[in-house]
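# Descriptive analysis of the structure
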Amino acid sequence: MDQALAQNLTAWRRHLHAHPGLTLNEGATAAFVAARLREMGVEVTEGVGGHGVVGTIRRGGNRSVGLRGDMDALPIQELNPDLPHRSTIPGVMHACGHDGHTTALLGAAALLAADKGWAGTVQLIFQPAEEGGGGARAMIADGLFSRFPMERIFGWHNWPGLEAGTVAVHERAVMAAGARFEIAFEGHAGHAALPHLTRDPMLGAGHCIVALQSIVARNVDPMQAGVVSVTVAEAGSAQNQIANRAVLRGTARWLSDETGAAIEAEHAPGGRGHCRGLRAAGRGGVQGRRPGHRQPSSRARTGGSSSRRRDRGAA
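Below, the structure is looked at part by part. All values reported here derive from a predicted model rather than from experimental measurement.

Let us look at the nonpolar core. Counting residues in each nonpolar core, the largest one holds 23 residues, and the members touching the most others are Val 33, Leu 37, Val 53, Leu 106, Leu 124 and Phe 126. Counting only elements with at least two residues in this core, the list comes to helix H1 (3-18), helix H2 (27-39), strand E2 (52-58), helix H3 (98-114) and strand E4 (121-127). Ignoring sequence-local partners within four residues, the contact set of Val 33 consists of Val 53, Met 71, Thr 102, Leu 106 and Phe 126. Counting residues in hydrophobic clusters, the runner-up holds 15 residues, among them Phe 181, Ala 205, Val 220 and Ile 263.

Listed below in structure tokens is the structure:
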């Protein structure tokens, strides 16, 4: 790679990392992307499905493909005090590597724009709101595929566990389907010294956490892939008080419709079943599906390098 381009990519990635845009608030990132594309002489369309940006490079011919990268960051406080390009936005961080994805797609744009030895059209799709904000759906609804025709679309996701310069490919599914869930437990508050006069929602929530882990272990075919993770538990604010309400939130992911149906079917019964025996009322369920991520399974060595991230968070 040209040394000047490599230096630009490093500077761009660090700028994006220092100035992350939360889901549905990627305006500054989109403007940065559009400016860099125009500097390369690439045709730019902004505001596609919100903050989406599409760059178009034409070289004649009748073939067309799309290259896609996402731009949004996560609501996470960065704890890298010694990193010069750490996030300058409190509570927002590129913990899933979308700054790297955006930079990689800008790099692809630069290489393609400078290379006259190919024919066809490449659509460079910079997607906002990947982290549960429906950005892909919004771009499609705004006529992505009719306004920017393409036969195929390609994307990738960074994976810090791979050795630098390694690309992983798959024979089967790569990106899992996913959903977020919430289960609320309603009880009766009271003093912690008098639990018999209360209905403790934390007890039901605790049992439910264990039960949720059995969904995949005992309800999904062992030859199929699925995962259920409880990532948030909220209840009360005083150490000597039993709360009147507890809430569990998390995500589920799967690689087949059958596995997804099994996971979804078990969520609500698990919460209600544990509440019945513990005198608390439980309700909840799956909130909506979205793409997730799956660890690569096969590897191929390539030239060049890939970024390693110590600061990667869960998607």
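The discussion continues.
The subject of this paragraph is the pairing of E2. Of all seven residues in E2, six are buried; the element is thus mostly enclosed. Hairpin connection between strand E1 (residues 43-48) and E2: a loop of three residues separates the two successive antiparallel strands, and Gly 49 in this loop has a positive phi of roughly 65°. Two elements, E2 and E4, share six bridges in a ladder whose sense is antiparallel. Note that in E4 the partner of Val 54 across the bridge is Ile 125.

Positive phi values are uncommon outside glycine, yet Leu 24 reaches one of about 75°. For Leu 24, the location among the structural elements is in the loop between H1 and H2. Positive phi is not limited to glycine here, since Ala 129 has a value of about 55°. Along the polypeptide, Ala 129 turns up in the loop between E4 and helix H4 (135-141). Judged by its relative accessible area of 2%, Ala 129 falls in the buried class.

Next up on the list: the packing of H1 against H3. Angle between the axes and distance between the axes are the two parameters that describe a pair of packed helices. Axis separation between H1 and H3 bottoms out at 9 Å; the angle between their running directions is 150°. By the criterion of interaxial angle, the relationship of H1 to H3 is roughly antiparallel. Remark: the crossing between H1 and H3 carries right-handed chirality. Facing H1, whose interface residues are Leu 5, Leu 9, Trp 12, Arg 13, Leu 16 and His 17, H3 presents Asp 99, Gly 100, Thr 102, Thr 103, Leu 106, Gly 107, Ala 110 and Leu 111. When the residues that make up the contact of H1 with H3 are grouped by side-chain class, the tally is seven nonpolar, five polar and two charged.

In spatial order, the strands read E1-E2-E4-E3-E5; together these five strands make up an open sheet with mixed pairing. Looking at the sheet topology across the chains shown, the edges are occupied by E1 and strand E5 (152-155). Neighbour to neighbour, the strand axes of the sheet diverge by 20° on average, direction disregarded. Note that strand E3 (residues 64-70) and E4 share seven bridges and pair parallel. What sits directly across from Leu 67, in E4, is Leu 124. Relative to E3, H3 is tilted by about 150°, and along the sheet it contacts E2, E3 and E4.

Rules of the game
- Residues numbered from 1 in each chain as written.
- Predicted model: local features only at pLDDT ≥ 70, side-chain atom pairs only at ≥ 80, totals over all residues.
- Heavy atoms only, no water.
- Core = buried A, V, L, I, M, F, W, Y, C linked by side-chain atoms within 4.5 Å.
- Buried < 20%, exposed > 50% of the residue type's maximum accessible area, 1.4 Å probe, protein only.
- Helix = DSSP H or I, 4+ residues; strand = E, 2+ residues; numbered from the N terminus.
- Contact = heavy atoms within 4.5 Å.
- Pairing = 2+ DSSP bridges.
- Axes fitted to C-alpha atoms, helices over the stretch in contact; angles between N-to-C directions.
- Parallel < 35°, antiparallel > 145°, perpendicular 65-115°, else oblique.
- Left-handed = near helix turned anticlockwise from the far one by under 90°.
- Nonpolar A, V, L, I, M, F, W, Y, C, P; charged D, E, K, R; others polar.

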